[in-house]
2 protein chains.
Amino acid sequence: MTRQELFKRILEKGSFLCVGLDPDLAKMPAALQGDLLAFNKAIIDATAPHAVAFKPNLAFYEVQGAKGYHAFEETVRYIRENYPDIFIIADAKRGDIGNTSRAYAHSFFETLGVDALTVAPYMGRDSVEPFMQYAGKWTVVLALTSNPGSADFQQITDTEGTPLFERVLTSVSQWGTADNTMFVVGATRGQMFEQVRRIAPNHFLLVPGVGAQGGSLDEVVKYGMNDLCGLLVNSSRGIIHASSHDDFAIQAEVKAGQLHAQMKEILDARFASKS
Amino acid sequence: MTRQELFKRILEKGSFLCVGLDPDLAKMPAALQGDLLAFNKAIIDATAPHAVAFKPNLAFYEVQGAKGYHAFEETVRYIRENYPDIFIIADAKRGDIGNTSRAYAHSFFETLGVDALTVAPYMGRDSVEPFMQYAGKWTVVLALTSNPGSADFQQITDTEGTPLFERVLTSVSQWGTADNTMFVVGATRGQMFEQVRRIAPNHFLLVPGVGAQGGSLDEVVKYGMNDLCGLLVNSSRGIIHASSHDDFAIQAEVKAGQLHAQMKEILDARFASKS
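Quick caveat: nothing in here was measured; it's all calculated off a predicted structure.

Peer 1: Any chance you could explain the overall build of chain A here in plain terms?
Peer 2: Secondary structure assignment for chain A yields 11 helices and eight strands. Taking 2.2 N^0.38 as the reference for a compact globule, 275 residues should give roughly 19 Å; the C-alpha atoms of chain A span a radius of gyration of 18 Å, in line with that estimate. Its C-alpha atoms give chain A principal-axis dimensions of roughly 55 × 45 × 35 Å. Taking contacts inside chain A between residues at least 6 apart in sequence as the whole, the part at least 24 apart equals 71%.

Peer 1: What should I look at first to understand the relation of the copies chain B and chain A in this one?
Peer 2: Each of the two chain copies goes to the other by way of a rotation about an axis and a shift along it. For the pair chain B and chain A, the superposition axis carries a translation of 0.0 Å, the fit reaches an RMSD of 0.0 Å, and the rotation angle comes to 180°. Taken together, the rotation and translation describe the operation of a two-fold axis. Take the interface residues of chain B: 100% of them recur as interface residues in chain A, which is what a same-surface contact looks like.

Peer 1: Is there a simple way to explain the sheet that holds strand β8 (residues 231–235) of chain A in this structure?
Peer 2: One key point about sheets: their strands pair by backbone hydrogen bonds, in either a parallel or an antiparallel sense. Residues and elements named next belong to chain A. An order of β1-β2-β3-β4-β5-β6-β7-β8 is seen for the eight strands of this closed barrel, with the pairing classed as parallel. With direction set aside, neighbouring strand axes in the sheet form an average angle of 30°. Bridge count between strand β3 (residues 87–94) and strand β4 (residues 116–119): three bridges; the pairing is parallel. Paired with Arg94 across the strands is Val119, a residue of β4.

Peer 1: Help me out: how do you make sense of the pairing of strand β2 (residues 53–56) of chain B in this one?
Peer 2: Residue and element names in this part refer to chain B. Neither face of β2 is exposed, since Ala53 and Lys55 on one face and Phe54 and Pro56 on the opposite face are all buried. Strand direction decides the pairing type here: strand β1 (residues 17–21) and β2, joined by four bridges, are parallel. Paired with Leu21 across the two strands is Pro56, which belongs to β2. Handedness of the β1-helix α2 (residues 36–47)-β2 crossover: right-handed. Note: β2 against strand β3 (residues 87–94), two bridges, orientation parallel. Residue Ala53 lies in a different strand from β3, and its bridge partner there is Phe87.

Cut-offs applied
Counting restarts for each chain, with residues numbered from 1 along the sequence as it is written. Just so you know, chain letters begin at A and ligand numbers begin at 1, following the order they were written in. At least 70 in pLDDT is required for a residue's local features to be given in this predicted model, at least 80 for side-chain atom pairs to be given and counted, and no such filter applies to totals for whole chains, interfaces and linings, which use all residues. Labels follow the DSSP assignment, with helices taken as runs of H or I lasting at least four residues and strands as runs of E lasting at least two, numbered in each case from the N terminus. Here the globule rule reads 2.2 Å times residues to the power 0.38, and the radius of gyration is calculated from C-alpha atoms. The contact rule is simple: place each C-beta atom from the backbone, and if two of them lie within 7 Å, those residues are in contact. We place the copies in one frame by least squares, fitting the C-alpha atoms of every residue whose pLDDT is at least 70 in both. Two strands pair under a simple rule: DSSP has to find at least two bridges between them. Interaxial angles span 0 to 180 degrees and are taken between N-to-C directions of axes, which are lines fitted to C-alpha atoms, for helices over the stretch in contact. Here exposure depends only on C-beta density: within 10 Å of a residue's C-beta, 20 or more other C-beta atoms make it buried, 12 or fewer make it exposed, and intermediate numbers make it partly exposed, the C-beta atoms being placed from the backbone. For a crossover, the right-handed case is the one in which the path from the first strand over the helix to the second runs clockwise, viewed with the strands pointing away from the viewer.

Below, the structure written as structure tokens:
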């Protein structure tokens, strides 16, 4: 999918919501007996009208070993078959030496066929570039994350006063383009979106941290939105575990619908002439 | 396993060799028809007498999806059942926000039961600490990797002239101890082991890059060995793909045996009174 196509889908749907499919066994209704795929199908059906993307995080599947990995594959297949217009991001935060990253790229982009994969930048260029070789696929590189630990290394400044996450933005922007690369920038760092946009004005940003982690949608939009929207805002727990009872899908639909309504208003105001 | 126990096994075996179980489908004999588990069993049986640890890298299993993940699980089980004295490192380079890292820690240390897991530090403290909560298990944090891209971010110096990888060593040493934490330090950076040892004199180091990537065992030992050995030197391709024909296990045994002989000589010279 190209950047223009993604923007078009965002306008058509009136949403730049990404629903994080991170099912926590402890928060799933007991009746499901830990069936990740059944849980996901209910969440997907309930929230697909409100979302432009789904983002399953591998950790929550690997908890069940090969069985969980299979549930992850089946989740991707279910979305593809029933909601072909949805953008799928595998949240795996991979990154390894060149030949190993090539194996991961093959796994996710060919074996699984997702649209995008999150990648950790610590190991540098040859750990990131293999993901960028796939036409129509997206490499989503961690820049400034939403968790407290993002202060530990990402914000260390170099001899010129530039924080590490800006070095990551600058370097990775040179390895890839705004048409095959996105960056993860946490919503809990609202004002830092200005700094990010100075370096990467055109890239799509994947923004976690709205909802359970306390980030503000308005701040993200104010500082982060660009002419092609340029934002995919993710909410995971705040939607999929809005209820831990049998009404979990209904409550997920309510929460996703609320975000959808806010986003539609924002998009209408900004891009009225295009939609 | 404690640090003292690991040291004891190293002395008993006369080896600090870790064999990387990274089967590349393109380099496996055609007769195996891509059967990762069959390949691994042959490699494990051939090299276990020479190795103190095995390190499967998840990327090479995920290439086959859930089937590959199952082969990974069965590989771990095969080692456990047949070579209970072997230390098992899952090379997965995981790391995510707290609740997600907790899910990964559960997957690897409880569901799978490996001894150690590699972790990427970019997301900071709350992404690393969940792995350190498991008694007897090890968190192996990337510090200075063996690939060319390690220069891109790991060696950026801060305002005090300290490179990022040293900041990682210092911070992570405070979050964990030398009894539950190791660091990845690439063999291709021989002299930098001196810098590493100034900050982390007691930690075990997992050292990739000897063999296919060109690192020197002598340099690693000269600058990196400590009083409890403190080194696990990994070789993957150089051993398991020494031959791509039907004699792959025989050739793997030869290569592992050569490293074993070198290591035994080094250990005998240094720890003669203890073994």
